[in-house]
Amino acid sequence: MAYVIGVVLALVVALFAMRTGLVRDRAFYPTVMIVVASYYVLFAAMGGSGQVVLLESIVMAGFVTAATVGFKKSEWVIVAALAGHGVFDAMRGSMIENPGVPAWWSAFCLAFDVVAAACLAWIIVRRSDVSGPAQSE
């Protein structure tokens, strides 16, 4: 069920962003990336482990860096970061023991991240089909 909810929520977010025009602003998906990466720091704080907060903050910093580079250079970096975060979600439990993470969260986040990455890729391709090659790419 966590996978289904992740997929549906990512599609709802993408559709909402397209219908409201939020995707016209290149900051939308980088912001989504930063928020997605921040949840594990929150979970570590909830779990009460300072060491895990630090470790999760280091991981988050990598994804925030990718979001920033993607915002400034190429949205394809955001696609890769979102997809990469989803893959990382699938393996995270074997690398970082974060006591605050709900049991279902990794599956949900994996599905959300990968579908969000696919939606952004579709938006980028669609945008370039309509207006020609993007100037920032």
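Participant: Report on the overall build of the chain, specifying residues and quantitative values.
Facilitator: The helix and strand inventory of the chain stands at five helices and zero strands. When its helices and strands are written in sequence order, the chain yields α-α-α-α-α. Here the C-alpha radius of gyration of the chain, 15 Å, is about what a compact globule of 137 residues would show, namely 14 Å. Taking all 137 residues of the chain together, the buried fraction comes to 41%.

Participant: Which residues make up the side chain of asparagine 98, and what are the values?
Facilitator: Of note, asparagine 98 is situated in the loop between α4 (75–95) and α5 (105–131). There is a polar contact of 3.0 Å between the side chain of asparagine 98 and the side chain of glutamate 56. If we skip the residues at most four places from it in the chain, asparagine 98 touches Tyr40, Phe43, Ala44, Val52 and Glu56.

Criteria and thresholds
Residues numbered from 1 in each chain as written. Predicted model: local features only at pLDDT ≥ 70, side-chain atom pairs only at ≥ 80, totals over all residues. Heavy atoms only, no water. Helix = DSSP H or I, 4+ residues; strand = E, 2+ residues; numbered from the N terminus. Rg over C-alpha atoms; globule rule 2.2 N^0.38 Å. Buried < 20%, exposed > 50% of the residue type's maximum accessible area, 1.4 Å probe, protein only. Polar contact = N/O pair within 3.5 Å; in protein donor to acceptor, adjacent residues only side chain to side chain. Contact = heavy atoms within 4.5 Å.

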